[in-house]
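Structural description and commentary
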Amino acid sequence: MDKKVFMEKFTGRLPKDIKSATPQQLHNALGETVMELYSDRWSVAREEHLSKRRAAYLSMEFLVGRAVFNNLLCLGIYDEVNDAFKELGLDLADLEVIEDAALGNGGLGRLAACFLDSAATLGLPLDGYGIRYKYGLFKQSIVDGFQREDIDDWTKYGDPWSRRCDEDTLLIEYSGQTVKAVPYDMPIFGCRTENVGTLRLWQAEPVKEFDFDTFNKQDYLEASKEKIYAEDISRVLYPNDDTNEGKKLRLKQQYFFSCASLTDILRKHKARFGTLDNLADYISVQLNDTHPVISIPELIRQLVDNEGWTFEKALSTAKKVFNYTNHTVMQEALEKWWTGLVEEVLPRIYEIIIQINEELIAEMYANGVQKDKTNRIKIIKGELIHMADMACYASSHINGVAEIHTQILRDSVLADWYSLYPERFRNETNGITQRRWLALCNKELSSLITEKIGDGWLTDLSQLRELSKYADDSSVLDSFIKVKQTKKQQLADYIKAREGVETDPNSVFDIQIKRLHEYKRQLLNAFSILWIYYGIKDGSITNFKPTTFIFGAKSAPGYKRAKAIIKYINEIGRIVSTDPDTRDLIKVVFVQNYNVSYAEKLVAAADVSEQISTAGTEASGTGNMKLMLNGAVTLGTYDGANIEIVQEAGEENNYIFGARVEDLARIVPEYDSRRVFAEDKMIKRVVSSLIDGTVSDGGSGDFRELYMSLLDGASWHAPDHYYLLGDIRSYVETKLRCISDYDSDRAAFARKQWLNMCNAGKFSSDRTIADYAENIWNIK
Ligand code: 26Q
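Because the structure is predicted, anything quoted here is derived from the model rather than measured.

The helix and strand inventory of the protein stands at 33 helices and 23 strands. Relative to its length of 780 residues, the protein is compact, with a C-alpha radius of gyration of 27 Å against a globular reference of 28 Å. Each principal axis of the C-alpha distribution contributes one length, and for the protein these read about 80 × 70 × 65 Å. Considering only intrachain contacts with a sequence separation of at least 6, the fraction spanning at least 24 residues in the protein is 77%. Just so you have it, the protein exposes about 29200 Å², and 48% of that area is on carbon and sulfur atoms. The distance from the centre of the 96 positive side-chain charges to the centre of the 116 negative ones in the protein is 1 Å.

Given below as structure tokens:
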């Protein structure tokens, strides 16, 4: 970058009195300048992507977070821009107030963002397609211990990192409604390469802004209706990541971006090749879970209705083009749409789904597949359209996101499909980008690493292995401990500023950050803290090392039980901090509005990474990888990618507890939580806190409901469906051992932490994406 040119363009966008510029003005000026300076590079890369076989990542969520620092880092101009700011008497860090683009709920959306980063860096022609939600994931505050939600107006002060592309606007047709889809493109800058990926996010707009005829008849509301109804489609991200609600607007969102993205892909292909006959030779489409699966009938619709193809030819092309990634084993999250709804909103798509379903049945019949199996896998069952079955039928490749998860897909969730097409199934263990999750969020640790092995790890994370040789070098470990201490101090300062809570950076930082879900068992963590509290009080736990338990989590606004768990955690926090016997030993902090930017601070400061889902429930987890990479030990179950983490870093360097999947298969049929409760005094005492007046749910009755879910079952779940009471003893013992290890030999504990970092190379999304590119997309 030419610094003089940068300065000229940047300052030219600022007010005369530079010091008076707000962070938002600085951000816009900086964003616009960088976009201008690199626009040619981006154009060249776009053209290059179109010229060869490429892949498109279709996802309803891209949780990109804050763009500015990451873009500077990937472009290799962070230090230069930092200096430029200083020369102007400005502080780049002031841009920390810039909002995240929180266009996703959690893991699935963040994975999509990491994948684009890796593909750009690897020089691969991969582009993302999604929705430009006006409002991202709600902003969370904690009031009186309860979650409150607020809208997230992330573009309020502008969005300098997007480029509106009016020339690629197109129309989307629903029964009785037509809307415009306007693309906004975000550049995805690769690191140490000229390659730039594109994230194309569609925004819904009315075909006609305002109806003057109606207005003149004095009906203002009626005149604006078309605009409001159109804009509704991309107005807000659904904040559920667990239950399939079957809402009409969500279906419209899914069709909106699927149709727009495919139309865009086909248009560009046709413009270049003049035919769609070779489409499958040039494009591979990855379906991020079932959310974009409506793309399958949509592709067929466009090929049949617009191009005059036969249904058979169109279906056979679809089967070559699409691939499907599954991210969940939870039955309640698998998407099903009511036939009547699809028929009402998208009648032609409904006809095509029926045709695909009939073709599936005919094909199974012809292949001698048993009737009951066909009945299990067919797409339309009763009055419901099963999106996962459509995805399996019409995809070349089907993948899970960690070894154990893929095995569970083969054995149970998708077992019928596996028996028919074993060759379609692959495992692709998730990964994270080390650019954001180490280089950007932990400059101190990055410097230490680079000092020892150079900076090749930035694009080849496996190089971290070379650091293993320092595991017994006390001066290196000391430096590592110092870095960790610095990051803990920084986090403590930030928590003080944001939450108004003091934390002690000399205490152990034990961190659980992820969406709030029963299966992720934040309640188990809270119980364990109360257990330790009671233990300290009654003298059964002695020499407890001061520990700060930090939680960050958003609950779906309608998920009552998850919200009750947030309140319960805060109540436990109140108890331990108001008791003089424990307030210097235990601290509980529930941070507000956990998001990507908060995560960057938390992962760098963690000593202990809580990954405690019931075995067999967490598909992979990616937070586990972020914490590991920053030198935290995992306190976790044998679930998701934890298993592979321990394989890489050694069981002796982590803290594994609880029943495994194979144990649960044996235990669960006989499991009786009430007996465990009755026979174990401590379990009884801890669980009873929900109803014995120890804590208050503000009179809502929500804690009693939690209590009942553990002992009586609730809705369609068995009592203690997630096995909290079964695992709690093993969990508390392991946790106490972990904290005591930290205390008794800080160097030995640092060695474990260090070795986790050294062995995190496998979990770079560069590795994951290289594998997708080679084995699924066939792109170079
Ligand atoms: C479904 C139907 C209706 C409305 C919403 C949804 C919905 C939305 C989001 C269902 C699921 C999600 C998100 C799922 C998710 O984030 N899964 C996580 O994916 C990660 C990346 O693969 C894994 O690491 C996590 O284990 C998995 O929980």
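What follows is about the packing of aromatic side chains. Evaluation of the coordinates by the stated rule reveals 23 aromatic pairs. Both rings, one in Phe273 and one in Tyr282, keep their centres 4.2 Å apart while their planes meet at 40°; by these two values the pair is tilted. Residue classification places Tyr282 among the partly exposed positions, given a relative accessible area of 27%. With 5.1 Å between their ring centres and 85° between their planes, Tyr494 and Tyr598 make a pair best called edge-to-face. Linking Tyr494 in helix α21 (residues 474-499) with Tyr598 in helix α24 (residues 596-605), this pair joins segments that are 104 residues apart in sequence. Chaining the aromatic ring pairs together yields one cluster made of Tyr57, Phe115, Tyr772 and Trp777. Of note, Lys252 hangs over the ring of Tyr174, and the distance from its end group to the ring centre comes to 5.1 Å.

In this section: the sheet that holds strand β22 (residues 633-636). Taking strand neighbours across the sheet as the criterion, the six strands line up as β20-β19-β18-β21-β22-β23 in an open arrangement whose pairing is parallel. Where the open sheet ends on each side, the last strands, each with one partner, are β20 (586-591) and β23 (655-656). Of the pairings in the sheet, the one linking β22 to β23 comprises two bridges and is parallel in character. Each residue of the ladder has a partner; that of Leu635, found in β23, is Tyr655. Contacts from helix α22 (residues 522-538) reach β18 (508-513), β19 (547-552), β20 and β21 (608-611) within the one sheet, and its direction differs from that of β19 by about 160°.

Right, let's get into the nonpolar core. In this structure, Leu30, Ile172, Phe256, Ile300, Ile356, Trp754 and Trp777 are the most contacted members of the largest nonpolar core, which totals 194 residues. Among the elements that take part in this core, helix α9 (residues 248-273) stands out by supplying nine residues, more than any other. Sequence-distant contacts of Ile356, defined by excluding residues within four places in its chain, comprise Ile296, Pro297, Ile300, Phe311, Leu315, Ile379, Met390 and Tyr393. Within the second largest apolar cluster, 69 residues are counted, among which are Val633, Leu706, Leu711 and Tyr731.

Here the focus is the sheet that holds strand β14 (residues 380-381). Across the sheet, three strands lie side by side as β13-β15-β14; this open sheet has antiparallel pairing. The two strands at the open ends of the sheet, each matched to only one other strand, are β13 (336-338) and β14. With three bridges connecting them, β13 and strand β15 (residues 384-386) associate as antiparallel partners. Bridge pairing links Lys336 to His386 in β15.

So, about the pairing of β18. Judged by how many residues are buried, β18 sits mostly within the fold: six of six residues are covered. Side chains Val508, Asp510 and Gln512 project from β18 onto one buried face, and the interleaved Phe509, Ile511 and Ile513 project onto a second face that is buried too. Pairing of β18 with β19 involves six bridges; the strand directions are parallel. If you follow Asp510 over to β19, its bridge partner there is Phe549.

Looking now at a nonpolar patch on the surface. A contiguous nonpolar surface patch, about 460 Å² in accessible area, is contributed by Phe212, Phe215, Tyr220 and Leu221. Counting residues per element, the ones that place at least two in the nonpolar patch are α7 (212-216) and α8 (220-232). Judged by relative accessible area, which is 33%, Phe215 ranks as partly exposed.

A word on the side chain of Asn759. By the secondary structure assignment, Asn759 is in the loop between α32 (746-758) and α33 (765-777). A residue is classified by how much of its surface remains accessible, and Asn759, at 9% relative accessible area, is buried. Here Arg465 takes part through its side chain, which lies 2.8 Å from a polar atom of the side chain of Asn759. Setting aside residues no more than four positions away along its own chain, Asn759 makes contact with Arg465, Met628, Glu648 and Ala649.

Let us look at the site of the ligand. Of all residues adjacent to the ligand, which total 20 residues, the nearest are Leu108, His327, Asn430, Glu618 and Gly621. Within the contact set of the ligand, an oxygen atom lies 3.2 Å away from a side-chain nitrogen or oxygen of Tyr519. With respect to the ligand, the backbone of Ala619 contributes an N or O atom lying 3.3 Å from an oxygen atom. When the ligand is considered free in solution it has 610 Å² of accessible area, and contact with the protein chains removes 94% of it. Considering every element that reaches the shell around the ligand, the biggest residue donor is helix α6 (residues 107-121), with three residues. Considering only residue class, the shell around the ligand consists of five nonpolar, 10 polar and five charged.

On to the pairing of β21. Taking every second residue as pointing to the same face, both faces of β21 are buried, with Val608 and Glu610 on one and Ser609 and Gln611 on the other. Across four bridges, the pairing between β21 and β22 is parallel. Opposite Gln611, over in β22, you have Gly636 as the bridge partner. On the question of chirality, the crossover connecting β21 to the parallel β22 by way of helix α25 (residues 623-629) is right-handed.

The next point concerns the packing of helix α11 (residues 295-306) against helix α14 (residues 347-366). The geometry of α11 relative to α14 is characterised by a closest axis approach of 9 Å and an angle of 100° between their N-to-C directions. The pairing of α11 with α14 is recorded here as roughly perpendicular in orientation. Packed against α11, whose contacting residues are Ile296, Pro297, Glu298, Ile300, Arg301, Val304 and Asp305, the element α14 presents Arg348, Ile349, Ile352, Ile353 and Ile356 at the interface.

With that settled, the discussion passes to helix α3 (residues 39-51). Given 3.6 residues per helical turn, the α-helix brings residues three or four places apart onto the same face. The end-to-end C-alpha separation of α3 is 19 Å, in line with the 18 Å expected for 13 residues at 1.5 Å each. For α3, the secondary structure elements touched by its buried residues are α2 (23-37), β1 (54-58), β4 (126-131), β7 (163-164), β9 (177-189) and β10 (196-206).

Considering all chains together, one arrives at 63 salt bridges under this definition. The shortest N-O distance in the salt bridge between Asp771 and Arg426 comes to 3.1 Å. Linking Asp771 in helix α33 with Arg426 in strand β17 (residues 425-427), this pair joins segments that are 345 residues apart in sequence. Look at Asp771 and you get partly exposed, because its relative accessible area is 24%. Relative accessible area serves as the criterion here: at 25%, Arg426 is assigned to the partly exposed category.

Turning our attention to the environment of Ser20. Looking at the element boundaries, Ser20 is found in the loop between α1 (3-12) and α2. Sequence-wise, Ser20 and Ile529 are 509 residues apart; in three dimensions their C-alpha atoms are separated by 48 Å. With residues near it in sequence (within four places) discarded, Ser20 still touches Pro15 and Gln25. Of the polar contacts made by the side chain of Ser20, one reaches the backbone oxygen of Asp17; its length is 2.6 Å.

Quick notes on the rules
Residues numbered from 1 in each chain as written. Predicted model: local features only at pLDDT ≥ 70, side-chain atom pairs only at ≥ 80, totals over all residues. Heavy atoms only, no water. Helix = DSSP H or I, 4+ residues; strand = E, 2+ residues; numbered from the N terminus. Rg over C-alpha atoms; globule rule 2.2 N^0.38 Å. Contact = heavy atoms within 4.5 Å. Areas by Shrake-Rupley, 256 points an atom, 1.4 Å probe, with all protein chains shown as cover. Lys, Arg positive; Asp, Glu negative; His and termini not counted. Charge placed at Lys NZ, Arg CZ, Asp CG, Glu CD. Phe/Tyr/Trp six-rings, centres within 6.5 Å; stacked < 30°, edge-to-face > 60°. Buried < 20%, exposed > 50% of the residue type's maximum accessible area, 1.4 Å probe, protein only. Lys NZ or Arg CZ within 6 Å of the ring centre and 35° of its normal. Pairing = 2+ DSSP bridges. Axes fitted to C-alpha atoms, helices over the stretch in contact; angles between N-to-C directions. Core = buried A, V, L, I, M, F, W, Y, C linked by side-chain atoms within 4.5 Å. Patch = residues over 30% accessible without salt bridge, like charges linked within 9 Å, V, L, I, M, F, W, Y side chains within 5 Å. Salt bridge = Lys/Arg side-chain N within 4 Å of Asp/Glu carboxyl O. Polar contact = N/O pair within 3.5 Å; in protein donor to acceptor, adjacent residues only side chain to side chain. Near = heavy atom within 4 Å. Nonpolar A, V, L, I, M, F, W, Y, C, P; charged D, E, K, R; others polar. Right-handed = clockwise from strand over helix to strand, strands pointing away. Parallel < 35°, antiparallel > 145°, perpendicular 65-115°, else oblique. Expected span 1.5 Å × (residues − 1).

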